[in-house]
Structure formats: structure tokens, C-alpha cells
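# Reading the structure
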Amino acid sequence: MHLIITDARLARSRAIHLSGTRLLLAGLAISLCLMLVAATLYHWVFLKGAREGWPIAGSLMGLVAKDEFAERDRFMRANLDAMARRVGEMQARVAQLESLGDRVLGLAGMAPTDSRKADGRGGVLVSAHSLSMEELQSTLDELERLTNQRVDLMTVLESRLFDQHIRKKMIPTRAPVTGRTAGSGFGWRVDPITGQSALHTGLDFQASTGTDILAAAGGVVVTQEFHPAYGNMIEIDHGNQLVTRYAHASRTLVKQGDIVRRGQKIAEVGTTGRSTGPHLHFEVLVQGVFQDPQKFLSAGGAAVEAQVAALQPGPSAAPTVAPASGR
């Protein structure tokens, strides 16, 4: 590209040759200059005019600012509406969680909470108008309060259910000899050795020598000894003054102080002590008073717990019975 520059009288002239690179650089320089001029005009004319109240400049700036504010408001409104819908969904989930929590509380034996009845809140967020930022923040704060409350409640509920699970494992509802039905039951009978009427204080499980004897429930071994009447004997404490006794074993596999789990092998069937043949004599004692073990073996879970509470005798109700096993 050639540019020829002459003076007013055409006396002198000058030719300038612009290559492609020079032309591009010149265009960029001109564009930069135009941008600087525009920015300067905007700053010194429009902004200064708007601050000082120039009629035309102030009106133009008001229109520009109004458009910017309107666009920003539309953007914020769209985001607030989307957040409000999500908050509504969260409230619905919280309401479902509260309903589920109340049902689980019933299963755990705890009274349902009255929090929803107290403040009358819950359910899907329904609004006849668009929420403001303050209303949305208030709703989020309420959701946070409810979720924190439910977390605390579920922590207590977990502890309660775990406690019930442990207590269930500590009640002797498992047969101590697998695949065997009880022979001689609990109650008064004719003693097989003396031929006289005597109280049979437990259940007899007929089995061959060496058959596994299992713990009817979890607990702590409090006695492991040889007794003149019971022979090789084991007593397990299950808490709440509930004890099971296993007699006439040929061999014991645990010692005093051991912690045993439900169904754990603790001994083997034998005929030691006052016995006429190999069998397991199994007893259940509550506060030191003999109970019918069959009631425990036939029952389960919550029914057994209620039965244990009903069987709690007073100090004066304990009969004096000499040790007498199933002979």
C-alpha cells in the first residue's frame, strides 16, 4: 500500500510504502487510540456529567444504570427462584425424614417427637410470591435447625436401638443343646434317685457324652467349678440379676471371668455329679430365684424382657430350695 503526502502548494510530496505487517500494526495502533479516546470521553463526560447533574449525560447514565440493574435483578431473581425450588424439595425430604424418624422411634419404644406440632411447620415450600433473599435465608436457617435436631435425635435413637440389641442378646432364649428337645421339665416330680417328691429346678436335655453345650445368651462366666450335686458346672451372668446354670458337663471349656457370646460352645455333655446318665441340666435364675427355663426358650425379644420384669420377686418371696438337678 502506497501513501503520497503533498503540501498545500504541491511543491513537495512524500511517498510512504506500507507492507501487510506495517498496515496491521497501524490498524492496531489506531484501534487502541480510539479505545483510549472513548474511555476518556466516558470518564470525563458521562461519569462527570452524571455526578454533577448535567442534563443529557445524567439521563444517558440513568438509562445505562437502569438497564444494568434490571439485568442484574433478573439474574438474581432467576437464581433465587431456582434456590427456592431446591429449598422446597429439601423441606419435603426433611418432612419425610421426620415421619420416618417417628416410626423408628416407635419401634425403639420411644415417644414420637412433638416438634412439628409445636410450630406447625413442615412440608413442601409453597409460596404465592417470589421469595426475597431474607425469606430464603430464614427458611435455610430453619432447615439447618431441623436437620441438627434430627441428627441429635438419630444419635440417641441409634444408642437406644444398640442397647436393645445388646439386651436381646443377653436374654437366654437360645437352646443350650442343638437339635434336642427338653426331657424332664421344671416343677415338682418324683426324684429318680430317692423316689420322693422333689422340685426339679431346671430343664434336662438328653444327649450323648461329648455333645456341645452352648451359651443360651451372652454374658460373663461367674462360676466354673465342680459341685457335689451339679458336677462340672458353669454359671453365666447376663446382667439385670439374670443367671443361667449348666450342670453335669463332662468337660468345661471356659473359666471364671471369661466373656462368652450367644451360641458359643462352653462345655460338653456328661454325667458328673448327682446324675443317672449323660444329659445337660439347664437352669435360669432371676435374683437368685429359680424360673422355668422353657418360658425363656419359647419366648423372644420384647416379650422376654416384659416377662423378666414380671418375674422380679421381692426379697421375701425367695423359696429355700436345696440344689437338685435333673438326675
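Presented here is a report on the structure given in the accompanying data block.

About the cut-offs
Residues numbered from 1 in each chain as written. Predicted model: local features only at pLDDT ≥ 70, side-chain atom pairs only at ≥ 80, totals over all residues. Heavy atoms only, no water. Helix = DSSP H or I, 4+ residues; strand = E, 2+ residues; numbered from the N terminus. Buried < 20%, exposed > 50% of the residue type's maximum accessible area, 1.4 Å probe, protein only. Contact = heavy atoms within 4.5 Å. Areas by Shrake-Rupley, 256 points an atom, 1.4 Å probe, with all protein chains shown as cover. Phe/Tyr/Trp six-rings, centres within 6.5 Å; stacked < 30°, edge-to-face > 60°. Salt bridge = Lys/Arg side-chain N within 4 Å of Asp/Glu carboxyl O. Core = buried A, V, L, I, M, F, W, Y, C linked by side-chain atoms within 4.5 Å. Pairing = 2+ DSSP bridges. Patch = residues over 30% accessible without salt bridge, like charges linked within 9 Å, V, L, I, M, F, W, Y side chains within 5 Å.

### Considering the overall build of the chain
On a plain count of helices and strands, the chain comes out with six helices and 13 strands. Residues classed as buried in the chain amount to 31% of the 327 residues present. For the chain, long-range pairs separated by at least 24 residues make up 63% of all intrachain contacts whose partners lie at least 6 apart in sequence. Counting every atom, the chain has about 20100 Å² of accessible surface; 60% of that belongs to carbon and sulfur.

### Brief notes about the packing of aromatic side chains
Applying the stated criterion across every chain, the model contains one aromatic pair. Pairing Y246 with F282 gives two aromatic rings, centres 5.4 Å apart and planes at 45 degrees, and the pair type is tilted. Highlighted residues: Y246 in strand 9 (residues 242-252) and F282 in strand 12 (residues 279-286), separated in sequence by 36 residues. Accessibility expressed as a relative area gives 1% for Y246, which makes it buried. Taking the relative accessible area as the measure of exposure, F282 reaches 0% and is therefore buried.

### Digging into the pattern of salt bridges
As enumerated under the stated definition, the model contains seven salt bridges in all. With a closest N to O distance of 2.6 Å, R245 and E235 form a salt bridge. Of this pair, R245 sits in strand 9 while E235 sits in strand 8 (residues 231-237), and the two are 10 residues apart along the sequence. With respect to class, R245 is no different from E235; both count as buried. With its nearest N and O atoms 3.1 Å apart, the salt bridge here joins E268 to K265.

### Re the nonpolar core
Proteins that are soluble and globular tend to have nonpolar side chains buried together. I213, I234, I236, Y246, I266, L280 and F282 are the most contacted members of the largest nonpolar core, which has 25 residues in total. Of all the secondary-structure elements, those providing two or more residues to this core are strand 5 (203-206), strand 8, strand 9, strand 11 (265-269), strand 12 and helix 5 (293-298). With four residues, the top contributor of residues to this core is strand 12. Here F282 is in contact with P176, G202, L203, F205, A216, T244, R245, Y246, P293 and L297, once residues within four sequence places are set aside. In this structure, L80, V87, V94 and L146 belong to the second largest nonpolar core, which totals six residues.

### Describing the pairing of strand 8
In terms of burial, strand 8 is largely enclosed, as five of its seven residues are buried. Bridging between strand 7 (residues 219-227) and strand 8 involves seven bridges; their strand directions are antiparallel. Looking at the pairing, Q224 lines up with I234 of strand 8. Between strand 7 and strand 8, which pair antiparallel and follow one another directly, the connecting turn spans three residues. As paired elements, strand 8 and strand 9 share five bridges and run antiparallel to each other. What sits directly across from E235, in strand 9, is R245. Here strand 8 hands over to strand 9 after four residues, with G239 in that stretch at a positive phi of 85 degrees.

### A look at unusual backbone geometry
Residues other than glycine seldom take positive phi values, yet N240 does so here, at roughly 55 degrees. Locating N240 in the fold gives a position in the loop between strand 8 and strand 9. Taking the relative accessible area as the measure of exposure, N240 reaches 60% and is therefore exposed. The phi dihedral of H248 is positive, around 70 degrees, even though this residue is not glycine. Mapped onto the elements of the fold, H248 is located in strand 9.

### So, a nonpolar patch on the surface
Residues L24, L25 and L28 make up a contiguous nonpolar surface patch of about 330 Å² in total accessible area. Structurally, L24 is set in helix 1 (residues 20-52). Given a relative accessible area of 57%, L24 falls into the exposed group.

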